[in-house]
Amino acid sequence: MTDRSFKLHWLLEYTGQYLRENRTFVLAFAFLGVVQGLVLGLLIGVEMPLITFAFPRQGPIYPMLSLVPNGPLVAHPLLGTFFGLNPALITVYVVSAMLAIVAITLALATAIWRSAPETDGWLPPGRRLLWLGVYVAVAAVASVPGLVANAPVSGWLAPIAVTLVVAYLVTRLFVVPVTIVRDGRGLPAAIRWSWTVCRNVLVTIAILGFALLQYWFSGMPWIVVTNESTRLILATVFGTTVLGAAYTAMMCATYDLVPAAFRE
């Protein structure tokens, strides 16, 4: 990514090639989509207070930035709602959050591992899987879409600035999951390596474009469904399947485009 000859069309071409040649991406994130849909349905069913981000509620321009490929995050609880909730609701949310983290980790690990040349089995070695799980858990707690949505900013300039800063951070950490799974780096080493090699502005543009696409997909074509809860669940299931797979493929493509001199 430090190579000035890097081209955006190469990134898109490599991403498409991964999706065409390896069905694992879609299968892994179809599994994740079902889990995410069930989790959301459970939270809606127990009447957990949620904030929704589905198109067009936030306006036409609202990029859904995320450190991990989990599809459009159409709803999540507000931190303030946990004050005064009964222990049963808090337990339901904690268990559902842990289930989602495990599902994201497994989907991400399977897609990255199976798409690498000369790998055996469906999952990487346990140590790599554990480090990936830690990264996914930290990313889930960070909740980038929630951070942007609830930042104490107003007007046009401040939200744009916050979005660009978050997009820059996502770019610098973009290939952390890939190098953990394929190279066996521990989390601290993976963060340092990704921060060093992944700093091309064209990757940031691709991430921003993808984040905006995720937002639009969160409301279309499911917007024709009259029941909001059903619409959000459908957007989660199908959006995670399609966009989660594509986002992971773009991570792998970005990793592949890192110059060979920076691989070791």
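Refer to the structure presented above.
Rules of the game
Residues numbered from 1 in each chain as written. Predicted model: local features only at pLDDT ≥ 70, side-chain atom pairs only at ≥ 80, totals over all residues. Heavy atoms only, no water. Salt bridge = Lys/Arg side-chain N within 4 Å of Asp/Glu carboxyl O. Helix = DSSP H or I, 4+ residues; strand = E, 2+ residues; numbered from the N terminus. Buried < 20%, exposed > 50% of the residue type's maximum accessible area, 1.4 Å probe, protein only. Lys, Arg positive; Asp, Glu negative; His and termini not counted. Contact = heavy atoms within 4.5 Å. Phe/Tyr/Trp six-rings, centres within 6.5 Å; stacked < 30°, edge-to-face > 60°. Lys NZ or Arg CZ within 6 Å of the ring centre and 35° of its normal. Expected span 1.5 Å × (residues − 1). Arc of directions from axis to C-beta. Axes fitted to C-alpha atoms, helices over the stretch in contact; angles between N-to-C directions. Parallel < 35°, antiparallel > 145°, perpendicular 65-115°, else oblique. Left-handed = near helix turned anticlockwise from the far one by under 90°. Nonpolar A, V, L, I, M, F, W, Y, C, P; charged D, E, K, R; others polar. Core = buried A, V, L, I, M, F, W, Y, C linked by side-chain atoms within 4.5 Å.

Asks: Would you mind showing me how to read the pattern of salt bridges here?
Replies: For side chains bearing opposite charge, pairing can occur when the charged atoms are close. On inspection of all chains with the given rule, the structure shows two salt bridges. Ionic pairing is found between arginine 182 and aspartate 256, a salt bridge with its closest N-O pair at 3.4 Å. Here arginine 182, found in helix α7 (residues 176-183), pairs with aspartate 256, found in helix α10 (residues 228-256); they are 74 residues apart in sequence, far enough to count as distant. Assessed through its relative accessible area of 15%, arginine 182 is described here as buried. By relative accessible area, aspartate 256 is classed as partly exposed at 26%.

Asks: Would you mind going over the side chain of arginine 128 with me for this structure?
Replies: Mapped onto the fold, arginine 128 is located in helix α4 (residues 126-142). Lacking a salt bridge, the buried arginine 128 has aspartate 183 as its closest oppositely charged neighbour, with an N-O distance of 6.7 Å. Excluding residues within four positions of it along the chain, arginine 128 makes contact with Trp113, Ile180, Val181, Arg182, Asp183 and Gly184.

Asks: What should I look at first to understand the packing of aromatic side chains in this one?
Replies: Centre distance and the angle of the planes are the two values used to describe a pair of aromatic rings. Per the counting criterion, the structure on display carries seven aromatic pairs. With a centroid separation of 5.5 Å and 75° between ring planes, the pair formed by phenylalanine 55 and tyrosine 215 is classed as edge-to-face. Taken together, the residues span a long stretch of sequence, with phenylalanine 55 in the loop between β1 (50-52) and β2 (75-77) and tyrosine 215 in helix α9 (residues 201-217) at a distance of 160 residues. Per residue, the accessibility class of phenylalanine 55 equals that of tyrosine 215, and both read buried. An aromatic cluster is defined as three or more aromatic residues linked by ring pairs; in this entry it consists of Phe55, Tyr62 and Tyr215. Its guanidinium or amino end placed over the ring of tryptophan 122, arginine 114 lies 4.0 Å from that ring's centre, counting from NZ or CZ.

Asks: How should α4 be read in this particular structure?
Replies: Every α-helical turn comprises 3.6 residues, leaving residues that sit three or four positions apart pointing alike. Spanning 17 residues, α4 covers 24 Å between terminal C-alpha atoms, matching the ideal 24 Å at 1.5 Å per step. All of the buried residues in α4 are Arg128, Leu132, Gly133, Tyr135, Val136 and Ala139. Projected down its long axis, α4 shows its buried positions confined to an angular sector of 165°, all on one face. Turned more than 90 degrees away from the buried face of α4 sit Gly126, Leu130, Val138 and Val141, all of them exposed. Here the buried face of α4 lies against α3 (87-115), α7 and α8 (187-197).

Asks: What exactly am I supposed to notice about the packing of α7 against α8 here?
Replies: Between two packed helices, both the angle of their axes relative to each other and the distance between the axes serve to describe the pair. Running from N to C, α7 and α8 point in directions that differ by 125°, and their axes come no closer than 9 Å. Taken together, the axes of α7 and α8 are oblique relative to one another. Here α7 runs over α8; the crossing is right-handed. Across the interface between the two elements, Val176, Thr179 and Ile180 of α7 pack against Leu187, Ala190, Ile191, Trp193 and Ser194 of α8. Its residues placed into classes, the contact of α7 with α8 shows six nonpolar, two polar and no charged.

Asks: What am I meant to see in unusual backbone geometry here?
Replies: Trans is the common state for peptide bonds, and a negative phi is the common state for residues other than glycine. Here the residue pair phenylalanine 55 and proline 56 is connected by a cis peptide bond, since its omega of 5° sits within 30 degrees of zero. When you line up the elements, proline 56 lands in the loop between β1 and β2. Residue glutamate 47 is not a glycine yet carries a positive backbone phi of 60°. Of note, glutamate 47 is situated in the loop between α2 (24-45) and β1.

Asks: I tried to follow the nonpolar core on my own but got confused; where do I start?
Replies: Looking at soluble globular proteins, one finds that nonpolar side chains tend to be buried together. Counting 60 residues, the largest nonpolar core has Phe29, Phe174, Ile207, Tyr247 and Met250 as its most contacted members. Contacts of tyrosine 247, omitting those with residues within four sequence positions, involve Ser66, Val68, Pro69, Val170, Phe174, Ile207 and Phe210.

By themselves, these are just geometric observations and shouldn't be taken as functional.
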